[in-house]
Amino acid sequence: MPNFIDLKDLSKDQLFDIISLSIECKNQSHSKFMLDKHVVLIFEKPSLRTRISFEVGINQLGGTTYLLNEKEMQLGERETIEDTARVLERYADMAVIRCFGHSQIKKFSTVSNFPVINALTDFSHPCQVVADLVTIKECFGDLQNKKIAWFGDCNNVLQSWIEASVLLDFELHIGCPEGIKPNQKTILWANERNKKIKINHNPLQVADGAHCVITDTWQSMGDKKLISEEIFLPFQVNKNIMKQAQDNAIFMHCLPAYRDKEVSSEVLEGQQSVVFDEAENRLHAQKAIMHFCMN
Ligand code: CP
Ligand code: NVA
């Protein structure tokens, strides 16, 4: 049974299938393919959207959830990750894990014999980007020839965006301060493939002609790097940035958002913002991701 740890583990067709199925899940009531299935949710970090969209989705599909929150479970603390995985697979049919270290979820998924879904690590956030791709497809009808512009920090959500850009062959322009860089191994990996990733420190050039403008918090959960907000300020998504993008460009943010930091209140609340459709699409995307893992 497949895991869902990183988008780069998928083929292009598998990712397209998950996106199409997410839209089907949104538009029609779905078969209860999780009837009598038991899913353990391990959340070492806070979550609103990811946790609740998985819980609601699993319940709607007939399954049952068991939450281990940050007070009850820190992977590798009370017992080894290997032992935790080998016990849980005896009780449950799937694990959804939000943890700090990516190596922890990799280790968990390597030793266990049930599907493991990455609900965010310090390295990547693939479930989020599936929902984002669904949102773009809904807004524009397809994902072909789109320019995606990312602003601000080079974090876990961006990592999954880079992987999606390579897989689906769209242009991803990254606007970030000097000295803030995406994972260099990932950039090498991307450049060996289709060279669709452009890093630029001029925010207006990054926004120029973009179909989709995206940002995220400047300080991710558990991020210990001490960087002054000032260096990020030129990369705030505001009306000057949106003006450079296509007239029908959309603004996306995985949320939670910090108003007037990474995005102006005006843009977040403006006509081009689709952040709540994007948040809703988490629910439909989680169902498609679970279907992929259970079939
Ligand atoms: N976007 C997202 O993953 O939100 P949560 O941290 O609330 O799950
Ligand atoms: N980059 C953010 C995403 C939150 C959903 C974080 O890791 O905190």
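In what follows, the accompanying structure is described. (Residues numbered from 1 in each chain as written. Chains lettered and ligands numbered in written order. Predicted model: local features only at pLDDT ≥ 70, side-chain atom pairs only at ≥ 80, totals over all residues. Heavy atoms only, no water.)

## Some thoughts on the sheet that holds strand β2 (residues 64–68)
Selection criterion: Each pair of strands is called paired provided DSSP finds at least two bridges between the two strands. Starting at the N terminus, helices and strands are each numbered in turn, a helix being any DSSP run of H or I of at least four residues and a strand any DSSP run of E of at least two. Axis angles are defined between N-to-C directions and span 0 to 180 degrees, where every axis is a line fitted to C-alpha atoms and, for a helix, only to the segment in contact. By the convention used here, residues are in contact when the closest approach between their heavy atoms is within 4.5 Å.
An order of β2-β1-β3-β4 is seen for the four strands of this open sheet, with the pairing classed as parallel. The sheet is open, and its two edges are formed by β2 and β4 (116–118), each paired on a single side. Put simply, the sheet's adjacent strands are angled 20° from each other on average, direction ignored. Bridging between strand β1 (residues 38–43) and strand β3 (residues 94–98) involves five bridges; their strand directions are parallel. Residue pairing in the sheet places V40 in a bridge with A95 of β3. Contacts from helix α4 (residues 102–111) reach β1, β3 and β4, with the element oriented near 165° to β4.

## Digging into helix α5 (residues 126–140)
Here is the rule: Expected helix span is taken as 1.5 Å per residue step, with the number of steps being one fewer than the number of residues. Only protein chains enter the accessibility calculation, which uses a 1.4 Å probe; a residue is then buried when its area is under 20% of its type maximum, exposed when over 50%, and partly exposed in between.
For α5, with 15 residues, the first-to-last C-alpha span of 21 Å sits near the 21 Å given by 1.5 Å per residue. For α5, the buried fraction is high: twelve of the 15 residues fall into the buried class. Three or more residues of α5 are buried, namely P126, C127, Q128, V129, V130, A131, D132, L133, V134, T135, I136 and F140. Of the residues one or two after α5, G141 is the one with positive phi, at around 90°.

## Thoughts on unusual backbone geometry
With an omega of 5°, the peptide bond running from L255 to P256 counts as cis. Although it is not a glycine, N145 sits at a positive phi angle of roughly 50°. Mapped onto the fold, N145 is located in the loop between α5 and β5 (147–151). One non-glycine residue with positive phi stands out, namely L255, at about 65°. Mapped onto the elements of the fold, L255 is located in the loop between β9 (250–253) and α10 (265–268).

## Looking at the site of ligand 1
What counts here: By convention in these notes, a residue is near a molecule or strand provided one of its non-hydrogen atoms lies within 4 Å of it. Polar contact criterion, stated in full: a pair of N or O atoms within 3.5 Å, where within protein one must be able to donate a hydrogen and the other to accept it, and residues adjacent in sequence count only if both atoms are side-chain atoms. The method behind every accessible area is Shrake-Rupley, applied with a 1.4 Å probe, and residues are considered shielded solely by the protein chains displayed. All residues other than Ala, Val, Leu, Ile, Met, Phe, Trp, Tyr, Cys, Pro, Asp, Glu, Lys and Arg, Gly among them, are scored as polar; the first ten of these are nonpolar and the last four charged.
By nearness alone, every residue bordering ligand 1 is listed as S47, L48, R49, T50, R98, H125, Q128, C254, L255 and R282. The separation between a nitrogen atom of ligand 1 and a polar main-chain atom of L255 is 2.9 Å. For ligand 1, whose free accessible area comes to 260 Å², the fraction covered by protein is 95%. Among the residues making up the shell around ligand 1, the classes are represented as three nonpolar, four polar and three charged.

## Looking at α4
Keep this limit in mind: The arc under discussion is defined with respect to the helix axis, by the directions toward the C-beta atoms.
Within α4, the full set of buried residues consists of H102, Q104, I105, F108 and S109. Within α4, the buried residues cover an arc of 160° as seen down the axis, which keeps them to one side. With respect to the buried face of α4, the exposed residues turned more than 90 degrees away are S103 and T110.

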